[in-house]
Amino acid sequence: MELNGAEILVDCLQKEGVDHVFGYPGGAVLHIYDAIEAQDKITHVLVRHEQGAAHGADGYARANGKPGVVLVTSGPGITNAVTGIATAHMDSIPMVVISGQVPSPLIGMDAFQEVDATGITRSCVKHNFLVRDISDIATTVKKAFHIATTGRPGPVVIDIPKDITIAKMEKEEYPDSIEIRSYKPTTKPSNRQIRKAAELISNAKKPILYSGGGCVIGNASRELREFTQMLGFPITQTLMGLGAYPMTDKQSLGMLGMHGTYEANMAMHGSDCVVAIGARFDDRITGNLAKFCPTAKFIHIDIDPSQISKNVVADIPIVGQTAQVLQALIDELKDKELSDISNWWSQIEDWRKIDSLAYKKSPGVIKPQTVIEALYEVTEGKAIVTSDVGQHQMWAAQYYPFDEPRQWINSGGLGTMGFGLPAAMGAKLAMPEKDIACVTGEGSIQMMLQELSTMLQYATPVKIINLNNGYLGMVRQWQEFFYEKRYAMSYMDALPDFIKLAESYGHLGIKVDQEKDLKPALIEAFKQKERTVFLDIMTDPSENVFPMIPAGGAHCDMLLAGRDEMVSKDETDFNAV
Amino acid sequence: MRHIISVILEDEAGALSRVSGLFTQRGFNIESLTVAQTTDPTLSRMTIVSSGNERVLEQIVKQLNKLIEVVKVTDLTSQDHVERELMLAKISSTSKEGVDLKELVEIFGCKVVDVKDKIYTIEVSGKTKKINAFLDALEPSNIIEISRTGVTGISRGKKLI
Ligand SMILES: Cc1ncc(C[n+]2csc(CCOP(=O)(O)OP(=O)(O)O)c2C)c(N)n1
Ligand SMILES: [Mg+2]
């Protein structure tokens, strides 16, 4: 049977098991849209902005682990998607982006809506392709999905000139698998490294497990739980890793890093053996590298060799998939005797008693932390929570203890404001039976508002929790601390009436400006199973995120809420353990 | 420290810009870069001269390996290898008191490949050091123009890259 390139492409997507494509049409992709219209296996979600398409596909991928698929036109279509592609790239999210390109003979001629898509996206994708012949479509799609989903996942862009979608050829079988001689990610760890790591772990007196997004993306939650519980070690998780290990468990010290808990950061600082599992020693985690974990030996487990010894030199590097490495370590350590770490635990319990997430309520204002706590209560800790970027993101991470992986969806690496709403939409499409909450701020939500329209069209009910502090709060916080309260451009004047706005998009809006109304409003919102509800919650404009490690600080240099002095521990405290 | 990195990669459009893009994006330095086909027409060999400490070099090698089209990366400097660079230099013959050009050509084992308008084109090949030494031996005002290929290298003996 003869098919055109567009039909072949859509057939390939079906064979890959794609059920949702997030996209927006335009001249260069009209043949592809024609082929999509002619079938019913793939649902196309028509977003209102291509950035929303990329974030939507990203949220979908983060929620269920399948690659997200994006379809955009040439020129402004692909440039609009770039922020979303870069967001997925920084957080290693599997994604395949198909962009239309001007017809092959016009490439390089400054044709209408021509941009060098592979050039523009090169540094923010795992890989990209420009298809030059109709007979390459099938293998390119196969390669793209293979590359996007294996090893360290990431976005792959396929740029297809229009003439190639029009050309015809005899249909060929879609390949079941593909070999790429230059791409063979290591998945199984070396036995030697496993033995060395087991030795160090079993002798550690002040160990800590530091796990990251690699345990979520790598589906290593089961192994991580078994490993952690078998060892009885304390565990701290990064912003990207929250939930891979249940945060309500007593071995969990919560999040670490710039806004991590006191106990997590102090334990990192005092540790003699840090086991990094699918984490990459990001600067928001380490603070000042020169003062980072002064007494620790590092075991670093990662699928991507280039992450190892990039920021912190690993004593024992282990390249492999997090789940496989953890399983190998479990097997190796099963019958090994471990050092007694009861002194270490009692030190940690003392740090815990500081209760670094405590905050003071004041009459007449709603504290943002209270909102997240109420959200946790009302959803019984079971919602999928997406967030935007700013203070609200940190509060969501701190006050909603996630017990499951893929429950917490946020832009950790790129920190993209505007991510939360389309990601919530994508997550709802991936997990229709789950309650989805989008924790956002009045600044961030305005970056992708238009997707409220898409959410009505595709009936993706999510609950928008807008922590409205009237400020670009995270910016304001930094200006308060580090710029002598010169609040340059961090105040958002002329805010819209979010209730009317939500209503004009066909959703329900509820304003909350008294604490007593908070819980009833949340309960009401989650009762509305079929509707998107916009909760505009007026929160304390002056609240700051604590604890905080100021730039250049060590993990033991934390600012805590309600304390003027920095809580700084001197080294001798650690030797006491 | 200076390193000669040999990269075998798929001979595909865009592969070169991926490598050069990687170096600018991550702030790695490139002293020279050469690329051409190998005996397998689907593969190219790229030779990059870069400098940096051990950790920088480790990152360069790892980041290169991460590129999908890269088949193999070797730091030639760490093993027995041969390296060469080629230079074409146009030298004016109106030498003053200094050394005679013909004598220099002989000492450095170069070749005169062209002469026009009393300007000699000389071909020099060898290690970068030798080429630099040849240039140093000339009267600077006599050097009209030079074109250098950058370093290429290969391991010695049975070892393949
Ligand atoms: C696209 C983008 N632009 C700018 C920033 C820098 N930035 C980080 S947080 C923030 C303020 C966010 O304000 P809001 O959404 O109201 O959240 P809040 O901090 O008040 O909770 C800004 C501007 C960013 N992260 N992303
Ligand atoms: Mg705000």
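Look a little higher up for the structure.
Residues numbered from 1 in each chain as written. Chains lettered and ligands numbered in written order. Predicted model: local features only at pLDDT ≥ 70, side-chain atom pairs only at ≥ 80, totals over all residues. Heavy atoms only, no water.

A. Region of the structure containing the coordination of the magnesium ion (ligand 2). All names here are of chain A. Coordination of the magnesium ion (ligand 2) by the protein is provided by E442 (OE), E442 (OE), N469 (OD1) and Y471 (O), with metal-donor distances spanning 2.1 to 2.5 Å. Around the magnesium ion (ligand 2) sit 6 donor atoms; with metal-centred angles ranging over 52 to 177°, the donor geometry is irregular. In primary-sequence terms, the residues that donate to the magnesium ion (ligand 2) follow E-x26-N-x1-Y. Looking at N469, the relative accessible area reads 10%, which means it is buried. By relative accessible area, Y471 is classed as partly exposed at 21%. (Donors = N, O, S within 2.8 Å, 3.2 Å for Na, K, Ca; no water. Tetrahedral: all angles 85-135°; square planar, octahedral: opposite > 155°, others 65-115°. Buried < 20%, exposed > 50% of the residue type's maximum accessible area, 1.4 Å probe, protein only.)

B. Representation of empty space enclosed by the protein within the structure. Residue and element names in this part refer to chain A. Per the stated rule, a full pass over the model turns up 2 cavities of 30 Å³ or more. By volume, the largest cavity amounts to about 100 Å³. With 3 residues, helix α1 (residues 5-15) is the single largest residue contributor to the lining of the largest cavity. Class assignment of the residues belonging to the lining of the largest cavity gives a composition of 7 nonpolar, 1 polar and 5 charged. Approximately 50 Å³ is the volume attributed to the second largest cavity. Top element by residues in the lining of the second largest cavity is helix α16 (residues 391-399). It accounts for 3 residues. Of the residues assigned to the lining of the second largest cavity, the class counts are 8 nonpolar, 4 polar and 1 charged. (1 Å grid on protein atoms, 1.4 Å probe; cavity = no way out; pocket = protein on both sides within 12 Å on 5 of 7 lines; lining within 4 Å. Points joined across faces, edges and corners; volume = space filled by probe spheres on them. Helix = DSSP H or I, 4+ residues; strand = E, 2+ residues; numbered from the N terminus. Nonpolar A, V, L, I, M, F, W, Y, C, P; charged D, E, K, R; others polar.)

C. Summary view of the packing of helix α10 (residues 221-231) of chain A against helix α13 (residues 322-333) of chain A. Residues and elements named next belong to chain A. One can describe the packing of α10 onto α13 by two numbers: an axis separation of 9 Å at closest approach and a directional angle of 30°. As summarised for this structure, α10 and α13 are arranged roughly parallel, according to the angle between their axes. Crossing of α10 over α13 shows left-handed handedness. Residue-level inspection shows R222, E223, L224, E226, F227, M230 and L231 of α10 in contact with α13, the latter providing A323, L326, Q327, L329, I330 and L333. (Axes fitted to C-alpha atoms, helices over the stretch in contact; angles between N-to-C directions. Parallel < 35°, antiparallel > 145°, perpendicular 65-115°, else oblique. Left-handed = near helix turned anticlockwise from the far one by under 90°. Contact = heavy atoms within 4.5 Å.)

D. Representation of the side chain of Q237 of chain A. Counting through the fold element by element, Q237 of chain A comes out in strand β10 (residues 235-237). When residues no more than four places from it in sequence are discounted, the contact partners of Q237 of chain A are S211, L242, G243, A244, Y245, M247, S252, G254, M255 and L256 of chain A.

E. How the structure looks around the interface of chain A and chain B. Each partner contributes to the interface: chain A provides 21 residues, whereas chain B provides 19 residues. Across the chain A/chain B interface, buried area totals approximately 1,600 Å², and carbon plus sulfur atoms make up 45% of it. In terms of surface lost to chain B, no three residues of chain A exceed R122, R181 and S182 of chain A, which account for 37% of the buried area on that side. Taken together, chain A and chain B are joined by 3 salt bridges. (Buried area = accessible area lost by both parts, 1.4 Å probe. Salt bridge = Lys/Arg side-chain N within 4 Å of Asp/Glu carboxyl O.)

F. Geometry of the site of ligand 1. Residue and element names in this part refer to chain A. Contacts to ligand 1 come from 17 residues, most closely from Q391, G415, S444, Y471 and G473. At 3.0 Å, a side-chain N or O of E442 approaches an oxygen atom of ligand 1. Within the side chain of N469, one N or O atom sits 2.9 Å away from an oxygen atom of ligand 1. When isolated, ligand 1 has an accessible area of 590 Å², and the protein chains bury 77% of it. Listed by contribution, the elements that provide at least two residues to the shell around ligand 1 are α16 and α19 (473-482). At 3 residues, the largest contribution of residues to the shell around ligand 1 is made by α19. (Near = heavy atom within 4 Å. Polar contact = N/O pair within 3.5 Å; in protein donor to acceptor, adjacent residues only side chain to side chain. Areas by Shrake-Rupley, 256 points an atom, 1.4 Å probe, with all protein chains shown as cover.)

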